[in-house]
Amino acid sequence: MDPTQATREVFWNIQYTWLVYVLMVPTLAVFGWGFWLKIRRWRAGQPAVRFDRPGERLRLFLRNAIGQGRTIKRRYAGVFHSLVYTGFIVLFLATTVVAIHHDTPLHIMKGHFYLIFQSLIVDIFGLFVLVGVALAAIRRWISKPKLLVYTDEASWILVTIFVMALTGFMIEGWRIAVTDDPWAHWSPIGNLFALGSDPWMTDTAMQRGHVIIWWFHLVVAFGWIAWVPFSKMSHIFTAPLNIFTANLDGYGGSLKTIDFETAERFGINHLGDFTWKDLLDFDACTECGRCTDVCPANTVGKSLSPRDIILDLQALMHKQGDQFLAGSNGSNGDGNGATLPVIDEKTAMAPEALFSCTTCAACMEACPVHIEQMPKIVDARRFLVMEEADFPEGMMDMMNSLESRQHPFAGTQFNRVDWTEGLDIDVMADMDDPAEAEVLMWVGCGGALVERNRNTVRATAKLLKKAGVKFAILGREESCSGDPARRVGNEFLFEMLAKGNVETLSRYGVRKVVTSCPHCFNSFKNEYPHFGGSYEVYHHTQFLDQLLAEGRLDRARSATVNGGRTITFHDPCYLGRHNGEYDAPRNLLAHLGGTRQVEMQRSGNQSFCCGGGGGMAFVDEPPDQRVNQERAQEAVDTGADVVAVGCPFCATMLDDGVNARRGDRDVRVKDVAELLWDEVGTP
Amino acid sequence: MRVLVCLKQILDPDVPARDFEIDPAAKAAKRGGANLVTNIFCENAIETALQFREAAADAKITALCYGESTAEDCLRKAMAMTVDEACLVQRDGNTNPDAAAVGRVLAAAIQRLEQDGGPFDAVLVGRESGDWGTGQTGGALAEELGRPVLGFVESLAPGNGSVTLRRQTDVGIEVAEAEPPFVVTITNNEDNVPRIPKTRDVMMSYRKPLQKLSLADLGLDSDEIRSGSSNFEVEEIFVPTDEVECELAEGDTLDERVDQLARKIHEVVASIG
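In short, a report on the structure. Along each chain, the written sequence defines residue order, and numbers are assigned to residues from 1. Labels are handed out in written order, letters beginning with A for the chains and numbers beginning with 1 for the ligands. Given that this is a predicted model, residues contribute local features only at a pLDDT of at least 70 and side-chain atom pairs are listed and counted only at 80 or more, while totals for whole chains, interfaces and linings are drawn from all residues. Just so you know, side-chain values use all the structure's heavy atoms and leave hydrogens and water out.

A closer look at the packing of helix α18 (residues 454-466) of chain A against helix α22 (residues 540-549) of chain A
Residues and elements named next belong to chain A. Look at α18 against α22: their axes get within 11 Å of each other, and the N-to-C directions meet at 25°. Between α18 and α22, the angle is such that the two are roughly parallel. You can see that α18 and α22 cross each other, and the crossing is left-handed. Residue-level inspection shows T456, T460, L463 and L464 of α18 in contact with α22, the latter providing H540, F543, L544 and L547. For the contact of α18 with α22, the class distribution of residues is five nonpolar, three polar and no charged. Only C-alpha atoms enter the line fits that serve as axes; for helices the fit covers just the stretch in contact. Angles between N-to-C directions range over 0 to 180 degrees. Secondary structure elements are taken from DSSP: a helix is a run of H or I of four residues or more, a strand is a run of E of two residues or more, and numbering for both begins at the N terminus. Small angles under 35 degrees read as roughly parallel and large ones over 145 as roughly antiparallel, with 65 to 115 read as roughly perpendicular and the rest as oblique. Helix crossings are classified by the rotation of the near helix relative to the far one: an anticlockwise turn of less than a right angle makes the crossing left-handed, while a clockwise turn makes it right-handed. Throughout, a contact is declared for two residues whenever any of their heavy atoms are within 4.5 Å. Residue type decides the class: Asp, Glu, Lys and Arg count as charged, Ala, Val, Leu, Ile, Met, Phe, Trp, Tyr, Cys and Pro as nonpolar, and the leftover types, Gly among them, as polar.

Quick look at the sheet that holds strand β7 (residues 642-645) of chain A
All names here are of chain A. One bridge is not enough; two strands pair if DSSP finds at least two bridges between them. Taken in spatial order, the four strands make up an open sheet running β6-β5-β7-β8, and their pairing is parallel. The two strands at the open ends of the sheet, each matched to only one other strand, are β6 (596-598) and β8 (668-671). When the angles between neighbouring strand axes are averaged without regard to direction, this sheet yields 35°. The sheet contact formed by β7 and β8 spans four bridges and is parallel. Bridged to V643 within β8 is V669.

Topic: the pattern of salt bridges
All names here are of chain A. For this document, the term salt bridge refers to a Lys or Arg side-chain nitrogen within 4 Å of an Asp or Glu carboxyl oxygen. Per the counting criterion, the structure on display carries 62 salt bridges over all chains. Salt-bridge contacts for K302 lead to E621; the nearest nitrogen and oxygen are separated by 2.4 Å. Taken together, the residues span a long stretch of sequence, with K302 in the loop between α11 (296-299) and α12 (306-326) and E621 in the loop between β6 and α24 (627-637) at a distance of 319 residues. The buried label goes to any residue with under 20% of its type's maximum accessible area, the exposed label to any with over 50%, and the partly exposed label to all in between, with areas taken from a 1.4 Å probe on protein chains only. Assessed through its relative accessible area of 6%, E621 is described here as buried. R552 serves as the salt-bridge partner of E550, at 3.6 Å between the closest nitrogen and oxygen. By relative accessible area, which is 45% here, E550 ends up partly exposed. Take R552: its relative accessible area is 31%, and that puts it in the partly exposed class.

Observations regarding the interface of chain A and chain B
On the side of chain B, 18 residues touch chain A, which itself brings 27 residues to the contact. Throughout, buried area stands for the accessible area (probe radius 1.4 Å) lost by two parts on being put together, summed over both. Taken over both partners, the interface formed by chain A and chain B buries close to 1,900 Å², and the fraction arising from carbon and sulfur atoms is 49%. The interface formed by chain A and chain B holds six salt bridges in total. Here D418 of chain A makes a salt bridge to R18 of chain B, at a shortest N to O gap of 3.3 Å. Two N or O atoms form a polar contact when they lie within 3.5 Å of each other; inside protein one atom must be a possible hydrogen donor and the other a possible acceptor, and for residues adjacent in sequence the pair counts only when both atoms belong to side chains. In this assembly, chain A and chain B are joined by eleven residue pairs in polar contact (both at pLDDT 80 or more).

Quick word on the packing of aromatic side chains
Pairs were defined over the aromatic rings of Phe, Tyr and Trp, the Trp ring being its six-membered one, requiring ring centres within 6.5 Å. Orientation was assigned from the angle between planes: stacked under 30 degrees, edge-to-face over 60, tilted for the rest. Evaluation of the coordinates by the stated rule reveals 24 aromatic pairs over all chains. Consider the rings of W33 of chain A and F230 of chain A, whose centres lie 5.7 Å apart with planes at 45°: the pair is tilted. Of this pair, W33 of chain A sits in helix α1 (residues 18-43) while F230 of chain A sits in the loop between α7 (203-227) and α8 (235-244), placing them 197 residues apart in sequence. Each member of the aromatic cluster is reached from another via a ring pair, and the members are F51, F61, F244 and W276 of chain A. Here, over-ring charges are defined by two tests on the NZ atom of lysine or the CZ atom of arginine: distance to the ring centre within 6 Å, and angle to the ring normal within 35 degrees. One Lys or Arg, R602 of chain A, reaches over the ring of F608 of chain A and ends 3.9 Å from the middle of that ring. A cation over a ring is seen here: R91 of chain B above Y66 of chain B, with NZ or CZ 5.9 Å from the ring centre.

Thoughts on the pairing of strand β12 (residues 182-186) of chain B
Residues and elements named next belong to chain B. With five of its five residues buried, β12 lies for the most part within the structure. Residues F182, V184 and I186 of β12 are buried on one face, and the alternating residues V183 and T185, pointing to the opposite face, are buried as well. Bridge count for strand β8 (residues 122-126) against β12 is five bridges, and the pairing is parallel. Note that in β12 the partner of A122 across the bridge is F182. In this structure, strand β9 (residues 149-158) lies alongside β12, joined through three bridges in parallel fashion. Looking at the pairing, V149 lines up with V183 of β12.

So, in structure tokens, the structure goes:
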């Protein structure tokens with residue numbers, strides 16, 4: 001036998017092959033119609049710029065769509081999804097090869113290519129699909145993890161894919177058996193079927209079975225293709241598109257600004273208020289549940305579920321259908337109650353759930369297809385806060401204080417400058433030439449006005465002084481960056497505070513800002529540019545790390561203040577996930593003499609929120625649903641003596657949490673700057 | 001029904017103690033780093049009026065403030081909370097706390113507003129202010145207007161030609177029927193916590209007109225107002241110092257310490273007599 005002549009007959013044993021092409025027409029028509037409906041709905045959304053920076057988008061697409069970068073982060077699901085995903089691609093290519101071979105003059109399905117790819121590789125990947133689906137079925141029907149959504153649709157998807165792959169092998173096997181295919185051993189799985197059927201089936205039976213199963217396989221496959229746009233299998237197309245059009249600016253820059261002069265409505269309570277990308281998000285969801293699985297609020301038993309938010313909005317979008325289109329652009333359509341509110345007590349978009357989000361962005365980091373859950377939550381909060389004035393009491397007190405005192409800590413016994421006592425720190429307003437200050441140290445309300453954090457800002461200032469950095473503070477002219485207002489949904493208040501701060505900083509010609517509050521850091525870095533304030537912004541750990549690297553701070557390996565201690569670092573969401581800085585604080589900790597660093601189970605970009613973001617630091621949580629205690633337990637479980645932090649909110653939240661969970665052990669919560677000063681400042 | 005609510009702008013009572021300073025010569029608190037806010041009981045009064053308006057068809061609310069130009073903020077906030085009209089009587093640098101003088105100014109302003117827009121059925125005043133806390137302005141104002149006054153009212157409800165008032169007393173709640181016009185002082189309860197304005201209303205509040213009157217417009221002699229009435233004078237003003245003596249009950253065992261504590265309490269009670 002000459003392997004260069006190896007091939008097989010297309011449509012062996014099949015009559016009326018024209019019927020295949022006839023059936024293909026309605027299949028593709030329904031398929032196209034389904035996606036056309038989707039695209040039409042997306043297009044009814046508000047504008048968003050998501051096709052810019054094609055190079056970056058392509059890289060992201062290759063990494064996380066083609067490369068499955070995020071999907072494979074969960075081992076079990078990653079494995080079975082990769083099996084099915086690669087199997088689908090190879091089987092699709094194989095079908096394409098058949099079509100080219102049969103329907104064009106290019107008879108490519110022969111020789112070594114036929115044997116190696118079309119027979120061996122295709123068989124192996126077909127097996128991948130079977131195994132992958134079986135693994136998925138075990139998870140869905142036997143181990144039943146909480147993160148999944150248990151729908152008939154999801155089960156039918158597994159059944160149909162399994163049936164398609166299995167029948168594929170059956171018809172291959174019977175063809176091999178009946179035709180005594182000389183290349184049978186190149187198709188090991190099909191051949192297994194052939195060998196298995198041979199002893200107990202006659203050739204006639206196999207031939208008849210082949211015809212029946214062949215048509216059955218075709219009908220299932222075509223039906224399945226037509227069904228794709230109407231099921232979550234549409235993610236085959238929506239997910240890659242969603243990844244390509246993802247937010248490239250990081251989570252820290254993911255909130256939209258509002259033009260208060262022209263906005264018809266503040267925030268979102270109608271589907272038509274969403275951008276087309278938001279609407280695409282709803283259709284891209286694969287129901288994997290990872291967002292809800294990592295959600296801090298959900299973890300401690302609150303009703304917030306980012307997965308269900310997306311799915312409920314998806315259901316609403318599908319239900320609204322054309323009425324939604326009629327009522328797009330935020331209007332109420334034809335007056336037949338066309339657009340239903342998206343905020344609804346009875347769905348995942350209930351106000352109580354919306355107001356338990358810490359805006360930590362763990363959901364967005366976990367999402368394999370880059371759905372942006374958190375900004376939608378903030379959009380809905382904006383509606384509740386600005387249009388309805390309906391939000392939790394703690395947030396109300398915080399906002400009242402922000403309005404009348406420009407800081408969120410009502411009842412504080414400190415002012416913005418008394419932490420400087422004895423430190424001789426320049427205040428911009430009192431300087432003859434404020435331009436002499438190369439750096440503005442932005443203290444932040446959490447640093448200046450909360451007792452336990454004053455040591456952090458004192459330590460930071462002392463370190464800056466020791467390194468010879470010429471810096472100054474704004475003192476009483478500083479006001480809140482606006483972050484808590486923005487996350488809670490009061491964009492108006494945020495904008496007022498941001499504009500005020502930008503104006504103050506412009507007055508002093510500030511170019512470089514160092515702050516020990518990651519929330520202020522994020523606002524300055526990602527949000528103030530919208531209001532004309534562009535600065536070189538550093539988190540204090542970044543700046544101190546730089547000073548250390550430049551040799552401006554003495555390395556203190558010999559110091560023993562922290563010697564023998566085990567330290568674990570808690571990544572602040574607004575430094576880590578939102579702004580991608582994980583190394584600077586760890587570098588600083590590595591300089592502490594005689595200490596050992598351990599990582600919590602969830603760290604880096606998988607870190608778990610302290611519970612204080614999104615205005616939640618101002619809300620009294622139910623005692624059995626406290627995010628800070630969940631996180632504190634994790635920190636305590638590392639066996640560390642010191643929980644190092646880099647955020648005033650994390651510091652207070654974890655202080656409370658650790659005190660509740662440390663038992664008899666002596667576990668301290670300390671800012672990285674405090675720890676560093678303990679050593680550098682020790683003679 | 002026309003309802004008028006009087007507002008007062010005061011130094012933020014939440015100012016950190018170390019930022020609170022007295023000007024002994026002026027016998028008044030220094031502004032210092034403190035913010036200015038609407039007196040809380042006045043905000044309770046606004047909220048009470050708003051709830052009354054929600055219950056009574058076509059009621060209108062006017063906010064009136066006697067204060068410096070900064071007090072415009074209080075009136076804007078009241079408008080953001082959706083009161084219908086606002087009027088500021090400008091004070092010229094005088095921080096006189098004399099309730100009788102303030103009552104005269106408010107009464108003159110109210111009469112002036114009534115000339116233009118008809119009588120006010122109800123005038124609401126905060127129970128007392130968070131700065132001086134004399135609690136006299138409501139009564140003084142009623143006297144000037146010649147209208148009846150009821151103190152410590154927590155809610156108003158429309159009745160048939162009258163208004164039902166709930167007032168707090170030492171022993172419980174008293175419910176009264178009042179024939180307009182009248183003056184009430186408003187105290188706080190869990191239902192009249194001032195609402196947070198909607199953002200659109202905040203924006204609109206800056207577009208609404210705000211009437212400004214001077215003492216001269218009201219035919220009042222500012223010198224006379226400034227000198228106050230003869231029955232009120234601030235003699236001295238100072239920040240009280242809290243002296244806390246702390247003694248720890250000693251003893252080796254819990255029982256001993258409890259015993260010590262009980263003895264101490266007994267001694268203290270006996271010394272008080």
